[in-house]
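Structural description and commentary
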Amino acid sequence: MLYNFKVGIVSIFVGFVIFMLVILLSVFNNFIGEQAIKKQIKNDIESPHEEKIKKDAVITINVIKDKQESLKKDASMIGNNETVVSTVGYGYSKTLDFNSESFVASGESYNVSYKTAGMLEYMKLASNMQKTAYGADATTQIEIADSTGTVKSKTGNIPESLKEIDNSEYIKQVITDPSMQVANIVTGSDGMAIKAYGSVNKISTEQERRGVVILTLPFDNIFATELKRFTDNDIAIFNGDQYMYGTFYNTEYTSLKQDKIYEKFIQTNAEGTVKEKNAKGEEISVPEVIVKDEVLKFEKLNDKGETVLAKDGKPEMISKNYKIAYIPIRNGHGEKVGMIAVAAETKDKNQKIIKLKQNREKMAEFITVILLLVALVSLILGMLLQFQMQKK
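Along each chain, residues carry numbers from 1 onward, in the same order as the chain's sequence is written. Given that the model is predicted, a residue must reach a pLDDT of at least 70 before its local features are reported, and side-chain atom pairs must reach 80 or more before they are shown or counted; all residues, however, enter totals for whole chains, interfaces and linings. For the side-chain quantities, the full set of heavy atoms in the structure was used; hydrogens and water were omitted.

Looking at the chain, the pLDDT average stands at 79 and 66% of residues meet or exceed 70. Residue-level confidence of the predictor is summarised by pLDDT, bounded by 0 at the bottom and 100 at the top. Contacts are assigned to residue pairs with any non-hydrogen atoms lying within 4.5 Å of each other. Low pLDDT (under 50) marks residues 44-48, which in the prediction has nine contacts with non-local residues, meaning those over four places away or in another chain. Across residues 98-105 the pLDDT falls below 50, and counting only partners more than four positions away or on other chains, this stretch makes 14 contacts in the model.

Moving on to helix α6 (residues 259-267). Under the scheme applied here, a residue whose accessible area is under 20% of the maximum for its type counts as buried, over 50% as exposed, and between as partly exposed, the area being computed with a 1.4 Å probe on protein chains only. For helices the rule is a DSSP run of H or I covering at least 4 residues; for strands it is a run of E covering at least 2, with both sets numbered from the N terminus onward. Residues Ile-261, Tyr-262 and Phe-265 constitute the buried set of α6. The buried residues of α6 occupy an angular sector of 95° when projected down its axis, which confines them to one face. Away from its buried face by more than 90 degrees, α6 exposes Lys-260, Lys-264 and Gln-267. Looking at the buried side of α6, the elements it contacts are β13 (290-299), β14 (317-330) and β15 (336-345). Arc, as used here, means the arc of the directions from the helix axis to the C-beta atoms.

A few words now on the nonpolar core. Inside soluble globular proteins, nonpolar side chains tend to come together where they are buried. What is meant by a nonpolar core is a set of buried Ala, Val, Leu, Ile, Met, Phe, Trp, Tyr and Cys residues, joined one to another through side-chain atoms within 4.5 Å. Core analysis: the largest hydrophobic core is formed by 42 residues, its most contacted members being Ile-64, Val-84, Phe-219, Ile-237, Ile-329 and Ile-340. Broken down by element, this core gets its largest block of residues, eight residues, from helix α1 (residues 2-79). With residues up to four places along the chain from it excluded, the contact list for Val-84 reads Ile-78, Gly-79, Gly-89, Leu-125, Met-129, Val-200 and Val-213. By size, the runner-up hydrophobic cluster in this structure holds 17 residues, among which are Ala-236, Phe-248, Tyr-262 and Phe-265.

Here's what the structure looks like:
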């Protein structure tokens, strides 16, 4: 009987202790859980996210550099085209027409005719070269200058401020030294572009038989969309500190100047790098990138993609959190003329916090239930033993 009494007392005591442990564990779990969530968010999301977006910003600049190299090769290739050489270098155009009275070659009859190349021939030449090199829907435009440095023809859609001027610095350089291949980023009041220069008839030793092919690849929304495919993030292209093109829509961000960030770039070193310490504490040079956390306002859209209007008739706005990396754009002289912004929405951070909290809450609930069951069983066992002892 005394044994049963002791067992009952112990069971009740164990149940009580477990019950108190449940309460203490609950309080402790909440505190430790919050600290763990903050630490995990910082390590798993914020730091890697910032490093990735910095790398993505560098990728956009590398893509621009690759485009410059590619355009230089294209300009040189077009400049060596037989039709371009005959028209620009020697001043005549050659046409091939089907004619029964002409010579026969490969089962077809041709009549070769030559005539002095005029303005119309130059216009046709630029248009044909554009279609041949880049297709009917090309965004890359072509200009052609003769040996005097005069721009004789150009394809359409070149912003007025970006059109090549007669006897420009680069035209004179390429005519004088046909081995040169030049590319530059140019800016104007109505746009930005990559321009590349290649010599026409560069094998000729006579300067009057040479010319220049100028290719212009504009920075526009199409170009921004291409950069987005490389980074999987939204892109904004700034002419100086003014937004000009990008993949942002229905947001006030496109009308805002980023003068403070641009000013920081202007004031920093000309090399385009800054000193940082790596994981080993060693000082290394890294590309010059500024990362900011920004809240952007967008027009709210309905299921049909239409703007939702507020009671006052103005678009209803919603806020979204973004982490944005800015990197400067430099021209051929190393001067900073604009910026690329790579923007990633950080809503995944909030979702991660919620998910972590939910997982921890579920685990805490599971442990609590198990402990409560153990406490309940202990209490019931103690009460049963007490009851049996009193009955006897």
